[in-house]
Amino acid sequence: MSHIASTRLRRALVPAVAIAVTVMNGVLVEPVLAQDAAVFAEVDRTMEKYRLDAHIPGMVWGIVQDGRLVHVKGAGVQDTDTKRPVNAATLFRIASMTKAFTALSILKLRDDGKLTLDAPVETYVPELRGWKYPTDDSPKIRVRDLLTHTAGFVTDDPWGDRQTPLPESEFTRLLSEGVPFTRSPATAMEYSNLGYALLGRIVANVSGEPYKDFVQKLLFTPLGMAATGYEVAAAPQDRRALGYRWEDDAWKLEPTMAHGAFGAMGGIQTSAEDYARWVAYLLSAWPSRDGADTGPVRRSSVRELAQGANFPSVRLRPGATGAAACRQAATYAMGFYAATDCDLALTLSHGGGYPGYGSHVLLLPDYGVGIFAFANRTYAGPRPPVWDAALTLLQAGRLKPRSSVPSAALTSAYAAAAKMFTTGSVTTAGDVLAMNFLMDRDAEHRARDFAGLKAEVGTCNTTAPIVPTGALAGEFTWTCERGRVKGQILLAPTPKPQIQSLTLTRSTP
């Protein structure tokens, strides 16, 4: 089939299908406000362009914000024979996005006192006790090393994906015989599906029940993910997105792999409806706070998924904006890549690549937003359009930092800072200065600094709120007659927190 003919066929088979849903398995879908319609339409254009360019039969994507599914849309077909359109209930395999479920299961077992992350893996998987390590000084693999892909295994995406249906007995034989290392454990990060398959075995051995049953009871059922599971063939056929590869200018059906020993690394099948609940649950762990902790796993453990191994790298932001954006400091955490982005702040992301499927998820904890997309074409992970969607939301003002209330100590210190600046003297604010403050710059020089700044900007409105960056630190901006003043306050870690640093600078465009 010619490229032109195949393109026409794709367009005939796979018209974009909007999904109008208000409540899905308990996840509320907010009505689209008029000012948001254009923003979501731009996201849809980005996703649909990627789908067509990547020869993907069907895709679905969703945006979760503050616990609600604010936008979801499907395009294309579940399968090329029946041409059933993709919708919010369509089931896709999400491949390696499964790893976060496995990682959180391990952390739950740790929380319950049933395992230790720094224990050797052979403590829980006895087949490893006779393994030959690559060097005499190699440490034994720890559970933590499996979570962060630092066990010394070789990257194994092509091989590992095809191991999904491996019987447990054959996995036991493989482990008993030992596997070769590509390097000593705990010396570098290298992605390993084998490592997460081992985590699945740990879950089973420690919990005393099959891995998939443990995850079902721990996460799927409590979160209302009724359509999500590992037994793909057991799902209703009319809801399944069949997996295809694009070869010889045509879609070819990939074989459906059953659940097996490698399911813990990539075997989950889910829908946009269900996955939105998972995203909302994860994001609900931020920020840390008082109050009831009623989730299936405690909030602090969910936040632990963002704690990367000590092997950071510098990378371009995925998507169209990457070349012009600040570089990201990235590391593999636990089931997610954690990266700091100069525009998006903390990001947690992970893709899924699999025979017949591709997926990607991006969490923005500081904004309470998650974006995800599923596709039914081999290794067609929609990573670029997901990140581009985040920038679309940012530029449209849809990403707003979660508000946090400053502590009483920070509020008091901020009021004192405003008084010092207004009066021009550090002596007018009372007993609020840490012992180092006047040692670092005395009262006379500080008074000169205040006077010089006020000569430049004039009178300032010092009632603007302070934005806490922690309980003992914050930032603020004052609007003045001739410009703005940006400020930072840092309190000392003393029983009565006092100001150890106050920085005021004129803001320039």
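Residues numbered from 1 in each chain as written. Predicted model: local features only at pLDDT ≥ 70, side-chain atom pairs only at ≥ 80, totals over all residues. Heavy atoms only, no water.

Undergrad: Honestly, the pairing of strand E4 (residues 58-65) in this entry has me stumped. Any pointers?
TA: A regular strand carries its side chains on alternate faces of the sheet. The element E4 is extensively covered by neighbouring structure, given that eight of its eight residues are classed as buried. In E4, alternate side chains face the same way, and those of Gly58, Val60, Gly62 and Val64 on one face and Met59, Trp61, Ile63 and Gln65 on the other are all buried. One ladder, built from eight bridges, connects E4 with strand E5 (residues 68-76); its direction is antiparallel. Across the sheet, Met59 pairs through a bridge with Ala75, a residue of E5. Between E4 and E5, which pair antiparallel one after the other, the connecting turn spans two residues, and Asp66 there sits at a positive phi close to 50 degrees. In this sheet, strand E15 (residues 369-375) lies alongside E4 in antiparallel orientation, the contact comprising seven bridges. (Buried < 20%, exposed > 50% of the residue type's maximum accessible area, 1.4 Å probe, protein only. Helix = DSSP H or I, 4+ residues; strand = E, 2+ residues; numbered from the N terminus. Pairing = 2+ DSSP bridges.)

Undergrad: Teacher, can you tell me more about unusual backbone geometry here?
TA: Glycine aside, residues mostly have negative phi, and peptide bonds are mostly found in the trans state. Along the chain, Trp286 connects to Pro287 via a cis peptide bond; the corresponding omega equals -10 degrees. With respect to the helices and strands, the residue Pro287 is situated in the loop between helix H10 (272-283) and helix H11 (299-304). The phi torsion at Ala186 lies on the positive side, around 65 degrees, for a residue other than glycine. With respect to the element layout, Ala186 can be found in the loop between helix H6 (168-177) and helix H7 (193-207). A relative accessible area of 33% places Ala186 in the partly exposed class.

Undergrad: What is the right way to look at the nonpolar core in this model?
TA: Nonpolar side chains in soluble globular proteins tend to be buried together. Residues Phe101, Trp131, Phe153, Ile202, Tyr275 and Trp278 are the most contacted members of the largest nonpolar core, which totals 88 residues. Per-element accounting of this core gives the leading share, nine residues, to H10. Among the nonpolar cores identified, the runner-up in size contains 28 residues, and Met47, Ala54, Ile63 and Leu344 belong to it. (Core = buried A, V, L, I, M, F, W, Y, C linked by side-chain atoms within 4.5 Å.)

Undergrad: Looking at this structure, how should I read the packing of aromatic side chains?
TA: For the structure shown, the criterion picks out 23 aromatic pairs. Here the aromatic rings of Trp159 and Phe262 are separated by 5.6 Å at their centres, their planes lie at 85 degrees, and the arrangement is edge-to-face. On the criterion of sequence distance, the pair formed by Trp159 in helix H5 (residues 157-161) and Phe262 in the loop between strand E8 (250-253) and helix H9 (263-266) is long-range, its members being 103 residues apart. Of the residues examined, Trp159 reaches a relative accessible area of 40% and is grouped as partly exposed. By relative accessible area, Phe262 is classed as buried at 0%. Residues Phe476 and Trp478 carry aromatic rings whose centres are separated by 4.8 Å and whose planes lie at 35 degrees to one another, so their mutual orientation is tilted. Residue Trp478 is classed as buried on the basis of its relative accessible area of 0%. Ring-pair connections join several aromatic residues into one group, and the members of that group are Phe101, Tyr211, Phe220, Tyr230, Trp278 and Tyr281. (Phe/Tyr/Trp six-rings, centres within 6.5 Å; stacked < 30°, edge-to-face > 60°.)

Undergrad: Just checking my understanding: could you explain the packing of H6 against H7 for this structure?
TA: For any two helices packed against each other, the geometry is given by the interaxial angle and the distance between the axes. Between H6 and H7, the shortest axis-to-axis distance is 12 Å and the interhelical angle comes to 115 degrees. Classified by the angle between their axes, H6 and H7 sit roughly perpendicular to one another. Crossing geometry of H6 relative to H7 is assigned as left-handed. Contacts between H6 and H7 involve Glu168, Phe171, Thr172 and Leu175 from the first element and Leu194, Ala197, Leu198 and Arg201 from the second. (Axes fitted to C-alpha atoms, helices over the stretch in contact; angles between N-to-C directions. Parallel < 35°, antiparallel > 145°, perpendicular 65-115°, else oblique. Left-handed = near helix turned anticlockwise from the far one by under 90°. Contact = heavy atoms within 4.5 Å.)

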